[in-house]
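In case you want the letters, here they are:
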Amino acid sequence: QVQLVESGGGLVQTGGSLRLSCAASGRSFSSYNMGWFRQAPGKEREFVAAISRSGGSTYYADSVKGRFTISRDNAKNTVYLQMNSLKPEDTAVYYCAASRFWGSSWYSRHAYDSWGQGTQVTVSS
């Protein structure tokens, strides 16, 4: 399994931006599809964005489409989540996840094999 470490979270005002990074260990990063999920207090962990192994396909939750961008750099074993126009409802712990094979279930947390420890994002109103 790949080991994942997120960074880049913090406190930002409404309308601000943050870029999350997720660094993966191991030499097989490019064989994993990658995703970002988030979990707010008292809520289920929800899908945010996903990217295929080559970066050629990306997927977004409707709630973040047009504001967030997922990307990856396989040479650096890193996946990113650029978050713009942040809203208070984006406040959550954000998790990076890796999937060897997700079929068509890129949105389901059950399709992911490895998870990072999470990074807190807080958007103040």
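The structure this text deals with has already been given above.
Structure report, in brief. Residue numbers run consecutively from 1 along every chain, following the written order of its sequence. Only residues with pLDDT of 70 or above have their local features reported here, since the model is predicted, and side-chain atom pairs are shown and tallied only from 80 upward, although totals for entire chains, interfaces and linings are computed over all residues. Values reported for side chains reflect all heavy atoms of the structure, with hydrogen atoms and water molecules removed beforehand.

**Structural notes on the pairing of strand β5 (residues 46–51)**
Each residue gets one of three labels from its accessible area relative to the maximum for its type: buried under 20%, exposed over 50%, partly exposed in between, using a 1.4 Å probe on protein chains only. Helix numbering and strand numbering both begin at the N terminus, where a helix is a DSSP run of H or I of at least 4 residues and a strand a DSSP run of E of at least 2. A large share of β5 lies buried, amounting to 5 of its 6 residues. Here, strands pair whenever DSSP counts at least two bridges between them. Across 5 bridges, the pairing between strand β4 (residues 33–39) and β5 is antiparallel. Among the inter-strand pairings, W36 is bridged to a residue of β5, identified as A49. Connecting the antiparallel pair β4 and β5 is a turn made up of 6 residues, with G42 showing a positive phi of about 75°.

**A few points about the packing of aromatic side chains**
Two rings from Phe, Tyr or Trp (for Trp, the six-membered ring) form a pair when their centres sit within 6.5 Å of each other. Planes less than 30 degrees apart are called stacked, planes more than 60 degrees apart edge-to-face, and all others tilted. Considering all chains together, one arrives at 9 aromatic pairs under this definition. Ring centres 5.0 Å apart and planes at 80° place the aromatic pair F37 and Y112 in the edge-to-face group. You can see F37 sitting in strand β4 and its partner Y112 sitting in the loop between β9 (92–99) and β10 (114–115), a full 75 residues away along the chain. Considered together, F37 and Y112 belong to a single accessibility category, that of buried residues. The rings of F37, F47, Y59, W102, W106, Y107, Y112 and W115 are connected pair by pair, giving a single aromatic cluster. In our convention, an over-ring charge means Lys NZ or Arg CZ found within 6 Å of a ring centre and within 35 degrees of that ring's normal. A cation over an aromatic ring shows up here: R45 above the ring of Y95, its NZ or CZ 3.7 Å from the ring centre. A cation over an aromatic ring shows up here: R72 above the ring of F29, its NZ or CZ 4.5 Å from the ring centre.

**Focus: the state of the cysteines**
Working definition: the covalent bond between the sulfur atoms of two cysteines is a disulfide. In what follows, a disulfide is any cysteine sulfur pair within 2.5 Å. In total, this model carries 1 disulfide according to the counting rule given. C22 shares a disulfide with C96; S-S distance 2.1 Å. An S-S torsion of about -75° defines the bridge between C22 and C96 as left-handed. With a gap of 74 residues between them, C22 in strand β3 (residues 18–24) and C96 in strand β9 connect regions that are remote in the sequence. Given a relative accessible area of 0%, C22 falls into the buried group. On the basis of relative accessible area, C96 is assigned to the buried category, the value being 0%.

**Here we look at the environment of S124**
Mapped onto the elements of the fold, S124 is located in strand β11 (residues 119–124). Classification of S124 by relative accessible area gives partly exposed; the value is 26%. Once the C-alpha coordinates of S124 and L86 are considered, the two residues, 38 residues apart in sequence, prove to be 9.3 Å apart. In this structure S124 touches L11, V12, Q13 and T14, once residues within four positions along its chain are discounted. Contact definition: two residues touch when any of their heavy atoms are within 4.5 Å.

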